[in-house]
Amino acid sequence: MHDASIRPPKLASRVVSIARLVPVATIATLLGLSAGEACASEPERTNLERWVRQLASPELEGRRGEGARKAAGLIVEEFQRLKLEPLFQGQYVQEVPPAPPVEVLGRNVGAVLRGSDPSLAERCVVVSAHYDHLGVRQGVLYPGADDNASGVAMMLETARCLAGAIEKPKRSVVFLAFDQEESGLYGSRYFAAHSPFAVENIELFITADMIGRSLGGVCGDFFFVMGTEHVPALRPWLTEAAAGRPVRLGILGADLLVLNRSDYGPFRTRKIPFLFFSTGENPRYHAPSDTPETLDYPKLTEISRVIHGVTSRAADAPTLPRWNDRTDNPIEEALTIRDVLRTLDANREKLKINAAQGFVIANALRTLDGVAGRGKVTPAERSLLIQAARVVLMTTF
Ligand SMILES: [Zn+2]
């Protein structure tokens, strides 16, 4: 997750020709997918945990500078092992030129699983996560296990499962690991401006940032999804993918956050349907204590399976819901905010919630009781709730 206080760099205004997706794979390439993967069906905890531990290990130096280069290399190796096609004209790496204040070369890593239906293969679903983090600062390692080794692990496991499926997805599925997210979403902004294919071909953009803990360290089984306000028809898909799992889906509008806080930003701006998954900020956010042994791996596994489920459904659907400019703000969102505020309120001491914050929470909860009773939220009530949630979220963590 990118710290909103960091000023984003200007994009290099380099003109790059927009080519189509890399050439269609031959049938032989598709059949050549490693047989050992053929029975893989869902993201597995052991693999997710192994990825997080590897990406957050001291050898990868907090995935900045040389450490980021090593992390990119590991992701390339995995894409090769899965026999996915390189995304960038025969290369897995898109170099991101430095632009002040970002002084180093960045590397987005991308691969594609070619769609099996010729009439849909030009369209794609993107599954992404940023792999960079804060590096080593004054000799102290920032491992970034939750932020965002957790998301990368999900993306790689989703890639493994889809690449190994006996029936290939009908649409193409693009897997992307973005660099320089922590520098004002620079990697994903560069990708969106210099994509190797027309970004209008992205019918659904999925990203996950910090999916291994819980909001405030207290919202146990909750995970949050933003973006359905522009594509409400995806909401039942999420509900179905999460049904029966020991995790709780929290629907929120992306306008709850003042700025675009992760790589969905450049795609949201371009009106591409997106889903942003996160378990939210917590006391280890951007701290040296964001270490692999403190992650909730069963929860990460469940969330990864939900994302894998939604991705494969989207990749195979005859049509996908389109972007709506007008957001709908459903009762589910108000109920999510209510349950989160209740949980935070019940942990006042632990979270050091002061009297002023307590007042804001109590006030919002009163409004929410009315909303829940009527089963409807008015625009005025919603803006009050958003304000309250922002005040609490921005002053508590
Ligand atoms: Zn971050």
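See the structure shown above.
I will try to describe carefully the structure that is included in this document. In this text the structure is predicted, and so the values were computed from the model without any measurement.

### Structural notes on the coordination of the zinc ion
With distances of 1.8 to 2.8 Å, the protein atoms coordinating the zinc ion are Met 1 (N), Met 1 (O), Asp 147 (OD), Glu 182 (OE), Glu 182 (OE) and His 286 (NE2). Every donor counted, the six donor atoms about the zinc ion form angles of 55 to 152° at the centre, which fits irregular coordination. Mapped onto the sequence, the donors of the zinc ion take the spacing M-x145-D-x34-E-x103-H. With Met 1 in the segment before helix 1 (27-31) and Glu 182 in the loop between strand 7 (172-178) and helix 5 (186-193), this pair connects stretches of sequence that are 181 residues apart. Note on Met 1: relative accessible area 5%, which makes it buried. Among the residues examined, Glu 182 registers a relative accessible area of 2% and is labelled buried.

### Focus: the pairing of strand 10 (residues 248-252)
Residues in a regular strand project their side chains so that they alternate between the two faces of the sheet. Where strand 9 (residues 222-226) and strand 10 come together, five bridges link them in parallel fashion. Paired with Phe 223 across the strands is Leu 249, a residue of strand 10.

### Quick look at the pattern of salt bridges
Under the counting rule described, the total for this entry stands at 27 salt bridges. The residue Asp 345 makes a salt bridge to Arg 348 at a minimum N-O spacing of 2.7 Å. Here Arg 374 makes a salt bridge to Glu 381, at a shortest N to O gap of 2.4 Å. Under the relative-accessibility criterion, Arg 374 is labelled partly exposed at 47%. By relative accessible area, Glu 381 is classed as buried at 14%.

Criteria and thresholds
Residues numbered from 1 in each chain as written. Predicted model: local features only at pLDDT ≥ 70, side-chain atom pairs only at ≥ 80, totals over all residues. Heavy atoms only, no water. Donors = N, O, S within 2.8 Å, 3.2 Å for Na, K, Ca; no water. Tetrahedral: all angles 85-135°; square planar, octahedral: opposite > 155°, others 65-115°. Helix = DSSP H or I, 4+ residues; strand = E, 2+ residues; numbered from the N terminus. Buried < 20%, exposed > 50% of the residue type's maximum accessible area, 1.4 Å probe, protein only. Pairing = 2+ DSSP bridges. Salt bridge = Lys/Arg side-chain N within 4 Å of Asp/Glu carboxyl O.

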